[in-house]
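Coordinate analysis (summary)
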Amino acid sequence: MRPHIAVIDDDEKITSLLRRSLAFEGYEVTTAPDGTAGLNLLSRRNADLVILDVMMPNMDGWEVCRRLREAGIKTPVLLLTARDEVHDRVKGLDLGADDYLVKPFALEELMARVRALLRRRPETAGTETLLQYEDLSLDVEARETARGGRRIELTAKEFDLLHLFMLNPRRVLSRDLIMERIWGYDYSGESNVLEVYIAMLRQKLEEQGEKRLIQTVRGAGYILKGES
């Protein structure tokens, strides 16, 4: 079955371009011209990926993303935004988006991000479904996280990132390795998406004053390790 991608954007030129290009790559594509129509579309049919413009009439992309996550819909969301301000990117990620792309974008880069978000990593035989490190636990099958009994709500990408750390405790993970494992391709050196996600993970894991577990190793990467 072909992956179904929902494109929600009020720009007819972009919508037409994405419909043709994604269909050429073998995806099934449905479109909606604004946020309200997009939510109606997604309520009628599940999608494997949502490409969502931020600035739209009736309901903007941020609100659409927020409502999807509040409804428990964990479909990956790729935000398209003409605004490259850091706080705008952080807002989208904090609302549950999995990735963002600034307009104007190269079609090849968008396709790479689509493939990365849709990529299914194979299950490893014998892999534990419940991971534990100190007071932090992660249920792989249920995709649930808790610390000291406190339930922590994570976005899909935050969960994948924490899962990678939990599979490699006390091991330094380089930035390049993390980007390849979680996003499946290289961002440009100017991108700080990983740093944004690390900051959001730390905020959620330390919300009640818990000690830091994800440490920065300067010049090397990050490590899951309790403070000495």
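All of these numbers come straight from a predicted model, not from anything done at the bench. Just so you know, the residues in each chain are numbered from 1, in the order the chain's sequence is written. Under the rules for a predicted model, residues below a pLDDT of 70 receive no local features and side-chain atom pairs below 80 are neither given nor counted, while totals for whole chains, interfaces and linings still include all residues. Only hydrogens and water are set aside when side-chain values are computed; all heavy atoms of the structure are taken into account.

**What about the pairing of strand 11 (residues 221-224)?**
Quick reminder of the rule: We call two strands paired when DSSP finds no fewer than two bridges between them. Helix and strand assignments come from DSSP, with helices taken as H or I runs of at least 4 residues and strands as E runs of at least 2, each series counted from the N terminus.
Pairing geometry for strand 10 (residues 214-217) and strand 11, over four bridges, is antiparallel. Bridging across to strand 11, Ile214 finds its partner in Leu224. Turn length for the strand 10-strand 11 hairpin, with the two strands adjacent in sequence and antiparallel, is three residues, and the turn residue Gly219 shows positive phi of about 80 degrees.

**Quick word on the sheet that holds strand 7 (residues 136-139)**
Inclusion rule: Every axis corresponds to a line fitted to the C-alpha atoms, with the helix fit spanning only the stretch in contact, and the corresponding angles, defined between N-to-C directions, vary from 0 to 180 degrees. The contact rule is simple, with two residues in contact once any of their heavy atoms fall within 4.5 Å.
Sheet architecture is open: four strands sit in the order 6-7-8-9, paired in antiparallel fashion. Of all the strands in the sheet, just strand 6 (130-133) and strand 9 (150-152) have a single pairing partner and so form its edges. For this sheet, the mean inter-axis angle between neighbouring strands, taken without regard to orientation, is 20 degrees. As paired strands, strand 7 and strand 8 (residues 144-147) are joined by four bridges and run antiparallel to one another. Across the sheet, residue Ser137 finds its bridge partner in strand 8, namely Ala146. Sitting on the sheet, helix 6 (residues 156-167) touches strand 6, strand 7 and strand 8, and the angle it makes with strand 7 is about 115 degrees.

**Digging into the pairing of strand 8**
Hairpin connection between strand 7 and strand 8: a loop of four residues separates the two successive antiparallel strands, and Arg143 in this loop has a positive phi of roughly 55 degrees. Both strand 8 and strand 9 contribute to a ladder of three bridges, which runs antiparallel. Residue pairing in the sheet places Arg147 in a bridge with Arg150 of strand 9. Connecting strand 8 to the antiparallel partner strand 9 that follows it, the hairpin turn spans two residues, and Gly148 within it adopts a positive phi of roughly 60 degrees.

**Here's the deal with the sheet that holds strand 4 (residues 77-81)**
Strand order across the open sheet formed by five strands is 2-1-3-4-5, with parallel pairing between neighbours. Among the strands making up the open sheet, the edge pair consists of strand 2 (28-32) and strand 5 (99-102). In this sheet, neighbouring strand axes are inclined to one another by 20 degrees on average, regardless of whether the strands run parallel or antiparallel. Where strand 4 lies against strand 5, four bridges are found, and the strand directions are parallel. By the bridge assignment for strand 5, Leu79 is matched with Tyr100.

**What about the nonpolar core?**
Among soluble globular proteins, nonpolar side chains are generally buried collectively. To keep things clear, this is the line we draw: The nonpolar core is taken to be a set of buried Ala, Val, Leu, Ile, Met, Phe, Trp, Tyr and Cys residues, with the residues joined through side-chain atoms within 4.5 Å. Using a 1.4 Å probe on the protein chains alone, a residue whose accessible area is under 20% of its type maximum counts as buried, one over 50% counts as exposed, and one in between counts as partly exposed.
If you look at the biggest cluster of nonpolar residues, it comprises 52 residues, and the most contacted ones within it are Leu52, Leu161, Phe165 and Ile178. Top contributing element to this core by residue count: helix 8 (residues 193-205), with eight residues. Formed by 18 residues, the second largest nonpolar core is a distinct cluster that contains Ile5, Val29, Leu80 and Leu117.

**What about the environment of Asp48?**
Tracing the backbone through its elements, the reader meets Asp48 in the loop between helix 2 (35-44) and strand 3 (49-53). Take Asp48: its relative accessible area is 32%, and that puts it in the partly exposed class. Along the sequence, Asp48 and Leu107 sit 59 residues apart, while their C-alpha atoms lie 19 Å from each other. In this view, Asp48 contacts Arg2, Pro3, His4, Thr75, Pro76 and Leu118; residues no more than four positions away in its chain are not counted.

Bear in mind that shape data such as this cannot, by itself, settle questions of function.
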